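For reference, the chains in residue letters:
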Amino acid sequence: MAAQIDCEFLVKKARDLVTDDPWAAKAWLITARTLYPTDFGIQYEMYMIERNAERTASAGRILYDMFVNFPDQPMVWREISVITAALRNDAQDKQTQFLRGLFETLPGRIQCEMLLKATEQCFNTLERAEMLLLLLRRFPESVVQHGVSLGETLLEAENMDDQDSPVNCFRKLFVCDVLPLIINNPEVRLPPNLLYQYLHKAAEFYIGYLTRSPSLESQHQGSQDSADLKSPTKRSTQKYIIEGLTEKLSVIIEPWDRLFEILSIVAMRCEWQMDKANRSCGEILHRMKDLCRYINNFDDEGHRKYKHQVVYSTLLVFFKNAFQYVGSIQPSLFQVPSPSSNQVPLILLDDLSNIYGDVDIDRSKHIHKRRKLGDGREKTLSSDDEECSGKLRSRHIVVNKIELPNSVDVLESFKVARESWELLHSQEALEKEFTRTCISWKTETWLWLRIFITDMIIYQGQYRKAINSLHQLGALQGTQQHVMSRGTLEQQRALIQMAACHFALGEYRMTCDKVLDVMCSIIPCTQDVVKVPEEIPKVKPRFRKVSDLKLLPCTSKTMMPYCLQLILACFKLRAFTDIRDDLALGHVVVLLQLDWPRGENLFLKAVDKICQQGSFQYENFFNYVTNIDMLEEFAYLRTTEGGKIHLELLPNQGILIKHHTVTRGITKGVKEDFRLAMERQVSRCGENLMVVLHRFCISEKIILLQTLM
């Protein structure tokens, strides 16, 4: 008891002298420790004086003595906890740096033992994992003893916590921090099946991380360059916080590179046939194709490891390239749109640029004379009703490089992803393994993957199958409305592609029905549309058996002309058959105003058909035809030189004719009505054509659909 009082007196004396004479205080404590070497209070006071004075070396020596001689003292563990927290913290403040330096003065054996015992003091799984990671990184030799058990602990914690997403704190620490330490240590022996399981977990995490919804991300994107935001490969730099982790720990740099690095190490450990690392996706795919040529039965015991090689290598190549393709054509799926990024979604559609063709007329003749040329030189319209069957392996995709500057890379990603998909479905054993992986990852809920699969099927020309895929896409869009937030038209991409597929199958009424639904979401462009020169096909359209495809911006400015072209293509075949159909022919005339004068030859063919009929009735003519050339031609048709064609273009004109027969002039009143109507129509030639055609589609929807029945 007396000794305790003496110790407290010496400690108090030292405390009183610290401020005015620290050396005297230190002398008192040295004396006290000499007299009472087993007293913890004296040692701890000495430590605090050195710590507060930021004397790293001396504080470290005292901490070492306390850890060895007083391992059960709570104040020792409280201090160790503060130090280990500083080791896990990336802050650069003076106090944190001092604590790190203090730890570095300790002998390596003591550091290792201290971290291990500190780990035992942790009851929170995440904190315990972070402490063990600190140990594993500082002492690689400890990976053999603690690495695999830590990994299994994290995976078990993930299962027990019933995480909804693979992108969670436990999986992140396992995949990004623990797994590289395990598989890069040659002394850690792992069976192939466990390596495949770990690779599977890593792939699921990284792909989930890369393809996460932008609604999960922080709205604050920092000062990133807009070009980086537009690139799907730069997405890892965006701020995203995984629940349970700090913002810094949630950031993963170059996720794809990390994933393929894991693949490379697993390949080496499992003795796959890999001649070199760091191959491009195209090279990996080519290598896997070669492997499949030599191995016919992957279920054979000797070839089983090569089945895993083909499946995992091709699977990762597939998902990476499919992601890069979709990330480029539908950027809002993966990024929070910013005003400066100018991100415009693109949609893959059949090229309709040939719908105005198929009439070969000498354009040097006078406009009223051209239609008198012989009909023998007119081309057929067979290209419009051609139904693509089977898989079309080589189709050209036209892209405007202004809308997609990296179009070459995007199309290459599309190609590699398609070929990867085909390889994974080329053998039953490969398809079974790939399907099992997709089911476990619930890829059927991935909107971005459904977009790719749909585009791939459209590219292959399997339009019936594409329609089924588009129904699934539409259902996914309905459950994930928050993903597409740029407007209603972007949400109509499934409907637009569905219309194009129905057209390719010759189902024109269904085509028109879908297009007219899309029109309700379109806002007609009130400004003059700037025409971009189209890429000229290397082969003339009439000699191509396979139609081209286009990646078009999913905007009202682009989609409205495309939708109008689809409607025109539907009515074009009906209008020029041997059966007279004035309503279909009238619709064609209205729609041919689009992109005038590209449709001039087809319009002249319509005029020829009217001349052959000797009459034409279309009461909506003056509601929607404002093209001056067309008005001039129809006015000419009523003249003697034009053939005195009987035209009923005014509403209720038939009733008017009956009314005027009681007079001596018979149709004099009707002629006057026509002349006045034509004069009024000429004054409307300055109206915005897109507004007129949009009104035509909305107002005449029922008539348009009835015409195609």
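Rules used in this analysis
Residues numbered from 1 in each chain as written. Predicted model: local features only at pLDDT ≥ 70, side-chain atom pairs only at ≥ 80, totals over all residues. Heavy atoms only, no water. Helix = DSSP H or I, 4+ residues; strand = E, 2+ residues; numbered from the N terminus. Buried < 20%, exposed > 50% of the residue type's maximum accessible area, 1.4 Å probe, protein only. Contact = heavy atoms within 4.5 Å. Areas by Shrake-Rupley, 256 points an atom, 1.4 Å probe, with all protein chains shown as cover. Pairing = 2+ DSSP bridges. Axes fitted to C-alpha atoms, helices over the stretch in contact; angles between N-to-C directions. Polar contact = N/O pair within 3.5 Å; in protein donor to acceptor, adjacent residues only side chain to side chain. Phe/Tyr/Trp six-rings, centres within 6.5 Å; stacked < 30°, edge-to-face > 60°. pLDDT = per-residue confidence, 0-100. Lys, Arg positive; Asp, Glu negative; His and termini not counted. Salt bridge = Lys/Arg side-chain N within 4 Å of Asp/Glu carboxyl O. Parallel < 35°, antiparallel > 145°, perpendicular 65-115°, else oblique. Left-handed = near helix turned anticlockwise from the far one by under 90°. Disulfide = S-S within 2.5 Å. Core = buried A, V, L, I, M, F, W, Y, C linked by side-chain atoms within 4.5 Å. Expected span 1.5 Å × (residues − 1).

1. Observations regarding the overall build of the chain
Working step 1: Helix and strand content of the chain: 32 helices and five strands.
Working step 2: When burial is assessed residue by residue, the chain has 52% of its 709 residues classed as buried.
Working step 3: If you take every contact in the chain between residues at least 6 apart in sequence, the share linking residues at least 24 apart comes to 73%.
Working step 4: Only carbon and sulfur atoms are counted for the fraction: they give 52% of the accessible area of the chain, which is about 33600 Å².

2. Focus on the sheet that holds strand β3 (residues 549-553)
Working step 1: Reading across from one edge, β1-β3-β2 is the order of the three strands in this open sheet, with mixed pairing throughout. Every other strand in the sheet has two partners, leaving β1 (346-350) and β2 (397-399) as the edge strands with one partner each. Each strand of the sheet is rotated relative to its neighbour by a mean of 30°, with strand direction disregarded.
Working step 2: In this sheet, β3 lies alongside β1 in antiparallel orientation, the contact comprising five bridges. Opposite aspartate 350, over in β3, you have leucine 549 as the bridge partner.
Working step 3: Against the sheet, helix α20 (residues 447-460) contacts β1, β2 and β3, and its axis sits at roughly 20° relative to β1.
Working step 4: In this fold helix α24 (residues 556-575) packs onto β1 and β3, with an angle of close to 140° to the strand it touches most, β3.

3. What to know about helix α28 (residues 628-637)
Working step 1: Considered for burial, the residues of α28 that qualify are Met630, Leu631, Glu633, Phe634, Tyr636 and Leu637.
Working step 2: At the N-terminal end of α28, a side-chain oxygen is found 2.9 Å from the backbone nitrogen of aspartate 629, two or three residues along, and the residue is asparagine 627.

4. Regarding the packing of aromatic side chains
Working step 1: The final tally for this structure, using the stated rule, is 34 aromatic pairs.
Working step 2: Plain terms: the ring middles of phenylalanine 334 and tryptophan 448 are 6.2 Å apart, the flat faces sit at 70° to each other, and that makes the pair edge-to-face. Taken together, the residues phenylalanine 334 in the loop between α16 (304-329) and β1 and tryptophan 448 in helix α20 connect sequence positions 114 residues apart. Assigned by exposure class, phenylalanine 334 and tryptophan 448 land together as buried.
Working step 3: When the ring of phenylalanine 621 is compared with that of phenylalanine 622, the centres are 5.1 Å apart and the planes differ by 85°; the resulting orientation is edge-to-face. We note that phenylalanine 621, like phenylalanine 622, is buried.

5. Points about the pairing of β1
Working step 1: In terms of burial, β1 is a largely internal element, five of the five residues being buried.
Working step 2: Residue alternation in β1 divides its side chains into two sets, Leu346, Leu348 and Asp350 and Ile347 and Leu349, and both sets are buried.

6. What to know about the confidence of the model for the chain
Working step 1: Model confidence for the chain is summarised by a mean pLDDT of 80, while 77% of its residues fall at 70 or above.
Working step 2: Throughout residues 532-544 the model reports pLDDT below 50, and contacts reaching past four residues in sequence, or to other chains, amount to eleven contacts.
Working step 3: Under a pLDDT of 50 for its full length, residues 654-666 has, in the predicted model, eleven contacts with residues more than four places off or in other chains.

7. A closer look at unusual backbone geometry
Working step 1: Put simply, tryptophan 596 and proline 597 share a cis peptide bond, and its omega is 15°.
Working step 2: For proline 597, the location among the structural elements is in the loop between α25 (582-591) and α26 (600-613).
Working step 3: With phi around 60°, glutamate 271 is a residue other than glycine that occupies positive phi space.
Working step 4: By relative accessible area, which is 57% here, glutamate 271 ends up exposed.
Working step 5: At lysine 644, a residue that is not glycine, the phi angle is positive and equals roughly 50°.
Working step 6: Topologically, lysine 644 is positioned in the loop between α28 and β5 (646-648).

8. Examining the environment of cysteine 697
Working step 1: Looking at where cysteine 697 falls in the secondary structure, it is placed in helix α31 (residues 689-699).
Working step 2: Considered as a pair, cysteine 697 and cysteine 520 are 177 residues apart in the sequence and their alpha carbons are 9.0 Å apart.
Working step 3: When sequence neighbours within four positions are dropped, the list of residues in contact with cysteine 697 reads Leu516, Met519, Leu564, Ile567 and Leu704.

9. Thoughts on the side chain of lysine 201
Working step 1: Inspection of the secondary structure puts lysine 201 in helix α11 (residues 192-210).
Working step 2: Put simply, lysine 201 is tucked away with no salt bridge, and the nearest opposite charge, on glutamate 158, sits 4.8 Å away.
Working step 3: Contact partners of lysine 201, with chain neighbours within four places excluded, come to Leu155, Arg171, Phe174 and Val175.

10. Some thoughts on the packing of α26 against α28
Working step 1: Viewed as axis vectors pointing N to C, α26 and α28 meet at an angle of 15°, and their least axial separation amounts to 12 Å. When the interaxial angle is binned, α26 and α28 end up roughly parallel. In the crossing of α26 with α28, the sense of the turn from one axis to the other is right-handed. Of α28, the residues touching α26 (which contributes Phe603, Val607, Ile610 and Cys611) are Met630, Glu633, Phe634 and Leu637.

11. Notes on the state of the cysteines
Covalent bonding between the sulfur atoms of two cysteines is what defines a disulfide.
Working step 1: Scanning the model with the defined rule gives zero disulfides in all.
Working step 2: Left unpaired, cysteine 697 is separated from the closest cysteine sulfur, that of cysteine 512, by 7.7 Å.

12. Some remarks on the nonpolar core
Among soluble globular proteins, nonpolar side chains are generally buried collectively.
Working step 1: Counting 145 residues, the largest nonpolar core has Tyr47, Phe318, Phe319, Trp448 and Phe452 as its most contacted members.
Working step 2: Other than its neighbours up to four places away in sequence, phenylalanine 452 contacts Phe318, Ala322, Tyr325, Val326, Phe414, Ala417 and Arg418.
Working step 3: Of all hydrophobic cores here, the second largest spans 74 residues; its members include Met559, Leu573, Leu631 and Leu637.

13. So, the pairing of β3
Working step 1: Within β3, five of the five residues are buried, which leaves it mostly tucked inside the rest of the structure.
Working step 2: Here β3 shows two buried faces, one formed by Leu549, Leu551 and Pro553 and the other by Lys550 and Leu552.
Working step 3: Pairing of β2 with β3 involves three bridges; the strand directions are parallel. Each bridged residue has a counterpart across the sheet, and for isoleucine 397 the counterpart in β3 is leucine 549.

14. A few points about helix α8 (residues 125-138)
Working step 1: A rise of 1.5 Å per residue sets the reference length of α8, with its 14 residues, at 20 Å; its end C-alpha atoms lie 20 Å apart and thus fit the reference within 8%.
Working step 2: Here α8 has its buried residues at Leu126, Ala129, Met131, Leu132, Leu133, Leu134, Leu135 and Leu136.
Working step 3: Summarising the contacts, the buried residues of α8 are in contact with α5 (74-88), α7 (108-120), α9 (143-160) and α10 (169-183).
Working step 4: The residue sitting at the N-terminus of α8 and contributing the capping side-chain oxygen is asparagine 124; that oxygen lies 2.9 Å from the backbone nitrogen of leucine 126.

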